[in-house]
Amino acid sequence: MNIIQTFYDHLAPQYDKLFLDWQAATAEQAAILQTLFQGCGFDTSARILDCACGIGTQSIGLAALGYCVTASDFSAGALAEAKARAAQNGVDIRFAQADFCALSDVFAERFDIVLAMDNALPHMLTRDALTAAVRSITDHLAPGGVFVASIRDYDALLAEKPPYSPPYIHKTEAGQRVSFQTWDWEVDCYRLTQYIIDDDGETPQVSRFACEYRATRRQELTELLTAYGCSTVKWKFPEETGFYQPIVIARK
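Read on for an overview of the structure. Keep in mind it's a predicted model, so treat the numbers as computed, not measured.

Looking now at the overall build of the protein chain. The helix and strand tally for the protein chain stands at 8 helices and 11 strands. With respect to the principal axes defined by its C-alpha atoms, the protein chain has extents near 55 × 45 × 40 Å. For the protein chain, with 252 residues in total, the buried portion stands at 53%. Restricting the contact set of the protein chain to residue pairs at least 6 apart, pairs at least 24 apart contribute 63%. Per element, the accessible surface of the protein chain, about 11500 Å² overall, is 50% carbon and sulfur. Across the protein chain, the centroid of the 21 positively charged side chains sits 5 Å from that of the 32 negatively charged ones.

The following block contains the structure:
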């Protein structure tokens, strides 16, 4: 098991703690994505593959809107959490464990929309690995389909290479929850450590999860998407979409 699988397998039961209200976030993010899909000419008849579904943050919200959603992830722990949450929300989603660098090992069909949200692609630590992911994903787009992904604004972050992210502080029934990340940089890659601290005022409970990322620049991803069959590649930013990261929309 590699560091990415370990990270998400262990984080999955606590992933919702990174949100003030995870349930509300599923609906909010689905609404944002639906607006983007509609702008590309798709309605709820579109066939969606969420190839980095995690615990179902986007998949569940989109399924609730009536989309036909297939959801896959590399992490068995994340998939188990996603399946449980889909059942709790009463939505029908087809789940499968799959590496988005090798989607053809699991899926024979093509999809109208392929998603990879929440900074999934920068887990590819080399250009070759990123190329394999882009090739695999674009191969599973139907003609005229779109790939929609979000990544951190690394074009800005690489200028300073900050050592940590600002903390999120959420009030809980027992007290408060503080979550933050530290980033240990080595050239364009960094080791991320996610901390979640549940503080009930007496004995804080600290959880710690480590992973690795490569700061993927927008130009690099644009060039790869174009090289592997996308006719247009557009970037949209938080001030336009309301999503917390830049989003790329690439049409095949």
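Moving on, there is more to tell.
It is characteristic of soluble globular proteins that their nonpolar side chains tend to be buried jointly. One finds Phe37, Leu62, Ile93, Ile113, Leu115 and Val148 to be the most contacted residues of the largest nonpolar core, which totals 53 residues. Ranked by residues supplied to this core, first place goes to helix α2 (residues 22-39) with 7 residues. Apart from the residues lying within four places of it in its own chain, the contact partners of Val148 are Leu33, Phe37, Ile113, Val114, Leu115, Ala116, Met117, Ile247, Val248 and Ile249. Of all hydrophobic cores here, the second largest spans 29 residues; its members include Leu103, Phe107, Ala133 and Leu225.

A few words now on the pattern of salt bridges. Tallied over the full model, the rule gives 13 salt bridges. The partner of Lys17 in a salt bridge is Asp198, with the nearest N and O atoms 2.9 Å apart. Here Lys17, found in the loop between α1 (3-11) and α2, pairs with Asp198, found in strand β8 (residues 189-199); they are 181 residues apart in sequence, far enough to count as distant. Assessed through its relative accessible area of 21%, Lys17 is described here as partly exposed. Here Arg217 and Asp188 are joined by a salt bridge, their closest N and O atoms 3.1 Å apart. A residue pair is termed long-range when its members are at least 10 positions apart, and Arg217 in the loop between β9 (205-214) and α7 (218-227) and Asp188 in the loop between β7 (176-186) and β8 qualify at 29 residues. The class for Asp188 is partly exposed, based on a relative accessible area of 24%.

How each quantity is defined
- Within every chain, residues take consecutive numbers counted from 1 along the sequence as written.
- It should be noted that, the model being predicted, local features are given only for residues of pLDDT at least 70 and side-chain atom pairs only at 80 or more, the latter also being counted only at that level, while totals for whole chains, interfaces and linings use all residues.
- The basis for the side-chain values is all heavy atoms of the structure; hydrogens and waters are excluded.
- Helical segments are the DSSP runs of H or I of at least four residues, strand segments are the runs of E of at least two, and each set is numbered from the N terminus.
- For every residue, the accessible area (1.4 Å probe, protein chains only) is compared with the maximum for its type, and the residue is labelled buried under 20%, exposed over 50%, or partly exposed between those bounds.
- Every residue pair with non-hydrogen atoms within 4.5 Å of one another is taken to be in contact.
- Per-residue and other accessible areas follow the Shrake-Rupley method at a 1.4 Å probe size, with only the shown protein chains counted as cover for residues.
- Note that His is not counted, nor are the chain ends; the positive residues are Lys and Arg, and the negative ones are Asp and Glu.
- Charged groups are reduced to one reference atom each: NZ for lysine, CZ for arginine, CG for aspartic acid, CD for glutamic acid.
- Residues belong to a common nonpolar core when they are buried Ala, Val, Leu, Ile, Met, Phe, Trp, Tyr or Cys residues joined through side-chain atoms within 4.5 Å.
- When a carboxyl oxygen of Asp or Glu lies within 4 Å of a side-chain nitrogen of Lys or Arg, that pair is called a salt bridge.

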